[in-house]
Amino acid sequence: GAMRSRAEVDATLQTAKLNPAELLPAVHCLSFGPQAGAGDLVIRGEKDEQAVLCSKDKTYDMKIADTSNMLLFIPGCKTPEQLNADQASCDIVHSQIAGFSNNYWELRRCRPKLKKLRKLLMEDPYEGPDSRKDQTLTFSKYTTEDLLSLIQASEEEILHQLQAIDACKIEGYWRILEFDYEMKLLNHVTQLIDSESWSLSKIPLRTCLEELGSLEPTEMIEHILLSYGRKYIDDAGEVYFEMHEDKICRAIAQMLLENAVKFNLSEFQEVWQQSVPEGMTARLDQLKGLALVDKTSRPETIFLLKVEDLPEDNQERFNSLFSIREKWTEVDITPYIQDLCSEKQTVGALLTKYARSSMQNGVKVYNSRRPIP
């Protein structure tokens, strides 16, 4: 509306039966600015999901709370103390309201809900350039924009997770490599390393692309090197990779375990060590969150249990773990609940809340606090 004059302000004070002598001389004259309601925060969620609020890099749970006073948002608003200090200020200050509200959202920082990301990308994993499935147009494809509208997480958390699950962009769409195809690529690389007798800490990108480019697309060769190695550039400007021994051994273990329900542990360790590239050592601690050893069976066995296949919700996660095994040691359960921890919640705190401890043969074990549904 129109800007008020001093006379109008004085008349309003008189109508409101307020004594001007009790007030500071400066008056805020408010009007709504064009920006009222715009910002960099996004609310994400589909119809069946509890909405979350995302900034560029964090995710928050939202709970609405009412307030009896209307809140007005005024940029650059001066407090009485500031106005007093600034004696020279004109006695009418025209301020625009950028927004208003009579309820507010209580925000609580939460874990981004990223499980759905892998689920969406696994609907159609990439099986390689010759795959018939890829030549049909029926499969689900997701761009970064699509994922931002479907996943309840901030952009940074989504991009970070895409990297963590080794997704790659193919023709503008995010894809996960189908496991057999990924192993085929990894095998090409490890065989080349073996035949060239390269040091695992110095794999030359250019030679890999020249040697393997006739077998697979060069971007796939580079993607597998990025997934299983660390890229660096030497003094001469050449690109090299230092291969991650643990990650390669882990992938080979997964390949062996995928074909068996349970595997005799000592036999598995023997076959596994024979299967990893020359110069690498297969160790059970490489399998945290991927496989579980059953020490109670005779002989001891090992089986596949992937943390990413477990529920995202805390209580459901514990229910599912306690239905797989009644009693867990802290060492065994930690890799399966570590990802539920937040800044304030440690593994110990989670166990205290969802499990009860007891001693079994001198070892502390945890079982469920409630009957398993």
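Higher on the page you've got the structure.
Attention in this report is confined to the structure presented alongside it. What you are looking at is a predicted structure, and each value in this text was computed from that prediction instead of being measured.

This part is about the overall build of the protein. When you go through the protein residue by residue, the secondary structure sums to 14 helices and 17 strands. Counting only C-alpha atoms and orienting by the principal axes, one finds that the protein spans roughly 95 × 60 × 45 Å. When the 373 residues of the protein are sorted by exposure, 38% land in the buried category. A sequence separation of at least 24 residues applies to 62% of the contacts in the protein between residues at least 6 apart.

Before going further, it helps to examine the environment of Ala 260. Topologically, Ala 260 is positioned in the loop between α10 (245-258) and β12 (263-264). Taking relative accessible area as the criterion, Ala 260 reaches 25% and is therefore assigned partly exposed. In this structure, the C-alpha to C-alpha distance between Ala 260 and Phe 303, residues 43 residues apart in sequence, is 7.8 Å.

Next up on the list: the environment of Pro 373. Relative to the elements of secondary structure, Pro 373 occurs in the segment after β17 (363-368). Taking the relative accessible area as the measure of exposure, Pro 373 reaches 85% and is therefore exposed. As a C-alpha pair, Pro 373 and Ile 248 span 125 residues in sequence and 38 Å in three-dimensional space.

Sheet faces and side chains relate simply in a regular strand, where the side chains alternate between the two faces. Here strand β10 (residues 229-233) runs beside strand β11 (residues 239-243); their pairing, made up of five bridges, is antiparallel. Its bridge partner lying in β11, Gly 229 is registered against Met 243.

What follows concerns unusual backbone geometry. For the bond running from Arg 298 to Pro 299, omega is -10°, close enough to zero to count as cis. Note on placement: Pro 299 falls in the loop between β13 (291-294) and β14 (301-304). If you check the backbone angles, Asp 166 has positive phi at about 60° while not being a glycine. According to the relative accessible area criterion, Asp 166 is buried, its value standing at 15%.

This brings us to the pattern of salt bridges. In this structure the tally under the stated criterion is 20 salt bridges. Residue Glu 216 is joined to Lys 184 by a salt bridge in which the shortest nitrogen-to-oxygen separation is 3.3 Å. Of the two residues, Glu 216 is situated in the loop between α8 (205-212) and α9 (218-228) and Lys 184 in helix α7 (residues 179-196); the sequence distance between them amounts to 32 residues. The class of Lys 184 is partly exposed, set by a relative accessible area of 42%. With a closest N to O distance of 3.8 Å, Asp 294 and Lys 262 form a salt bridge.

Before going further, it helps to spend a moment on the sheet that holds β10. Read across the sheet, three strands follow the order β9-β11-β10 without closing on themselves; strand pairing throughout is antiparallel. Where the open sheet ends on each side, the last strands, each with one partner, are β9 (203-204) and β10.

There is a patch of nonpolar side chains on the surface, built from Leu 30, Met 70, Leu 72 and Phe 100 and spanning about 370 Å² of accessible area. Among the residues examined, Leu 72 registers a relative accessible area of 38% and is labelled partly exposed.

Next up on the list: the packing of aromatic side chains. Counted by the stated rule, this structure contains seven aromatic pairs. Both rings, one in Phe 268 and one in Trp 272, keep their centres 5.3 Å apart while their planes meet at 25°; by these two values the pair is stacked. Here Phe 268 and its partner Trp 272 are both found in helix α11 (residues 265-275), four residues apart, which amounts to about one turn of the helix. Assessed through its relative accessible area of 1%, Trp 272 is described here as buried. Ring centres of Phe 318 and Tyr 354 lie 5.0 Å apart, and the angle between their planes is 15°; this geometry places the pair in the stacked category. Residue Phe 318 is found in helix α12 (residues 314-324), and its partner Tyr 354 is found in helix α14 (residues 347-354); the two are separated by 36 residues along the sequence. In this structure, Phe 318 and Tyr 354 share a single accessibility class: buried. An aromatic cluster is built from Phe 263, Phe 268 and Trp 272, whose rings are joined through pairwise contacts. In this structure, Lys 202 packs its charged tip against the face of Tyr 240, placed 4.8 Å from the ring centre. The ring of Trp 328 is capped by Arg 325, whose NZ or CZ atom sits 5.1 Å from the centre of that ring.

Conventions we followed
- Residues numbered from 1 in each chain as written.
- Predicted model: local features only at pLDDT ≥ 70, side-chain atom pairs only at ≥ 80, totals over all residues.
- Heavy atoms only, no water.
- Helix = DSSP H or I, 4+ residues; strand = E, 2+ residues; numbered from the N terminus.
- Buried < 20%, exposed > 50% of the residue type's maximum accessible area, 1.4 Å probe, protein only.
- Contact = heavy atoms within 4.5 Å.
- Pairing = 2+ DSSP bridges.
- Salt bridge = Lys/Arg side-chain N within 4 Å of Asp/Glu carboxyl O.
- Patch = residues over 30% accessible without salt bridge, like charges linked within 9 Å, V, L, I, M, F, W, Y side chains within 5 Å.
- Areas by Shrake-Rupley, 256 points an atom, 1.4 Å probe, with all protein chains shown as cover.
- Phe/Tyr/Trp six-rings, centres within 6.5 Å; stacked < 30°, edge-to-face > 60°.
- Lys NZ or Arg CZ within 6 Å of the ring centre and 35° of its normal.

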